[in-house]
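Survey of secondary and tertiary structure
Each chain is listed here by its residues.
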Amino acid sequence: QKEVEQNSGPLSVPEGAIASLNCTYSDRGSQSFFWYRQYSGKSPELIMSIYSNGDKEDGRFTAQLNKASQYVSLLIRDSQPSDSATYLCAVNFSGGSNYKLTFGKGTLLTVNP
Amino acid sequence: DTAVSQTPKYLVTQMGNDKSIKCEQNLGHDTMYWYKQDSKKFLKIMFSYNNKELIINETVPNRFSPKSPDKAHLNLHINSLELGDSAVYFCASSQGGPADTQYFGPGTRLTVL
């Protein structure tokens, strides 16, 4: 069973701080990794995708991928109250399961003003 | 201009009934998905369709039957509804496979009484 693990939280940070969200996955051959944000009562929306080892930055968001450690993270700099949401890590596993995304259970982030 | 739309938004019904949820995307995407999100917010793939062909059936009970009349539409019919079917069902689409960005519909909250 290929799995994606996340700390469920909740993770609480003060406004302006860096929020760090972590995710591990079970299949070393995986190639595609995603972070989705889901506000309460809304649908998931893509924040970042990452395919290569290292960092990928987009505005206040940085995704970090380490395939050797099977670890992907999302850093949110200068956190804002509007960042308060559940963050879902998703992995496109290799092999027979490769026509789907497997999601983690999500980390609830609260940014306090 | 809603990219991925679902109807209805809310569905309340009795155990044993049969119900359908409709999904349409106007993005010209080739692949569509159904996800189930339970009360603990765990988002799990149910079906993947590519150009009207079923690609993934994630060990979903036979009571669930997806139908794709064309690549812009993916409907979900559920027979003999059970209490455990209560959840939010999301439709999504992507240009190619799941390594492409997935766009989610607004969700259908199904409550089985």
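Notes on the structure in this doc start here.

Parameters at a glance
Residues numbered from 1 in each chain as written. Chains lettered and ligands numbered in written order. Predicted model: local features only at pLDDT ≥ 70, side-chain atom pairs only at ≥ 80, totals over all residues. Heavy atoms only, no water. Helix = DSSP H or I, 4+ residues; strand = E, 2+ residues; numbered from the N terminus. Rg over C-alpha atoms; globule rule 2.2 N^0.38 Å. Buried < 20%, exposed > 50% of the residue type's maximum accessible area, 1.4 Å probe, protein only. Contact = heavy atoms within 4.5 Å. Areas by Shrake-Rupley, 256 points an atom, 1.4 Å probe, with all protein chains shown as cover. Lys, Arg positive; Asp, Glu negative; His and termini not counted. Charge placed at Lys NZ, Arg CZ, Asp CG, Glu CD. Buried area = accessible area lost by both parts, 1.4 Å probe. Salt bridge = Lys/Arg side-chain N within 4 Å of Asp/Glu carboxyl O. Polar contact = N/O pair within 3.5 Å; in protein donor to acceptor, adjacent residues only side chain to side chain. Disulfide = S-S within 2.5 Å. Pairing = 2+ DSSP bridges. Axes fitted to C-alpha atoms, helices over the stretch in contact; angles between N-to-C directions. Core = buried A, V, L, I, M, F, W, Y, C linked by side-chain atoms within 4.5 Å. Phe/Tyr/Trp six-rings, centres within 6.5 Å; stacked < 30°, edge-to-face > 60°.

Here's the deal with the overall build of chain B
The secondary structure content of chain B amounts to zero helices and eleven strands. What you see in chain B, going N to C, is helices and strands ordered as β-β-β-β-β-β-β-β-β-β-β. Its C-alpha radius of gyration of 13 Å places chain B within 12% of the 13 Å reference for a compact globule of 113 residues. Taking the principal axes of the C-alpha coordinates as reference, chain B spans close to 35 × 30 × 25 Å. Counting all 113 residues of chain B, 44% fall into the buried class. Put simply, of all contacts in chain B between residues at least 6 apart along the chain, 55% involve residues at least 24 apart. Accessible surface, chain B as shown: approximately 5,400 Å² in total, 50% of it carbon and sulfur. Here chain B contributes 12 positively and 11 negatively charged side chains, and the mean placements of these two sets differ by 7 Å.

With respect to the interface of chain A and chain B
With 19 residues of chain A at the interface, the matching set in chain B holds 23 residues. Roughly 1,700 Å² is buried in total at the junction of chain A and chain B, and carbon and sulfur atoms are behind 60% of that figure. For the pair chain A and chain B, the number of links is one salt bridge. In this structure, E58(B) engages K100(A) in a salt bridge whose closest nitrogen and oxygen atoms are separated by 2.3 Å. Counting across the chain A and chain B interface gives five residue pairs in polar contact (both at pLDDT 80 or more).

Overview of the state of the cysteines
Residue and element names in this part refer to chain A. On inspection of all chains with the given rule, the structure shows two disulfides over all chains. Residue C23 pairs covalently with C89 via a disulfide, S to S 2.0 Å. On the S-S bond that ties C23 to C89, the torsion sits near -75°, and the link is left-handed. Remark: C89 occurs in strand β9 (residues 85-92) and C23 occurs in strand β3 (residues 19-25); sequence separation between them is 66 residues. Comparing C23 with C89 shows no difference in burial state: the two are buried.

Here's the deal with the sheet that holds strand β3 (residues 19-25) of chain B
Residues and elements named next belong to chain B. Read across the open sheet, the four strands follow the order β1-β3-β8-β7; overall the sheet is antiparallel. Two strands in the sheet have a free side with no partner beyond their single neighbour: β1 (4-7) and β7 (64-70). Strand-to-strand twist of the sheet, defined as the mean angle between neighbouring strand axes without regard to direction, takes the value 20°.

Quick word on the nonpolar core
Of all hydrophobic cores here, the largest spans 24 residues; its most connected members are F33(A), W35(A), V72(A), L74(A), I76(A), Y87(A) and L109(A). Grouped together as the second largest cluster of nonpolar side chains are 20 residues, C23(B), M32(B), M46(B) and Y89(B) included.

A few points about the sheet that holds strand β7 (residues 61-66) of chain A
Residues and elements named next belong to chain A. Taking strand neighbours across the sheet as the criterion, the five strands line up as β1-β3-β8-β7-β6 in an open arrangement whose pairing is antiparallel. Strands with a single pairing partner mark the edges of an open sheet, and in this sheet they are β1 (4-6) and β6 (54-58). Across the sheet, the axes of successive neighbouring strands diverge by a mean angle of 20°, strand direction being ignored.

Quick look at the packing of aromatic side chains
What the rule picks out here adds up to ten aromatic pairs over all chains. Measuring from ring centre to ring centre gives 5.7 Å for Y36(A) and F104(B), while their planes differ by 80°; the resulting arrangement is edge-to-face. Taken as a pair, Y36(A) in strand β4 (residues 32-38) and F104(B) in strand β10 (residues 103-104) lie in two separate chains rather than in one. One exposure class covers both Y36(A) and F104(B), and it is buried. For the pair F90(B) and F104(B), a centre-to-centre distance of 6.2 Å together with 85° between the ring planes defines the contact as edge-to-face. Of the two residues, F90(B) sits in strand β9 (residues 87-94) while F104(B) sits in strand β10, which places them 14 residues apart along the sequence. The exposure class of F90(B) is buried, given its relative accessible area of 2%. Take F104(B): its relative accessible area is 10%, and that puts it in the buried class. Through a chain of ring-to-ring contacts, three or more aromatic side chains come together here, namely Y36(A), F103(A), Y33(B), Y35(B), F90(B) and F104(B).

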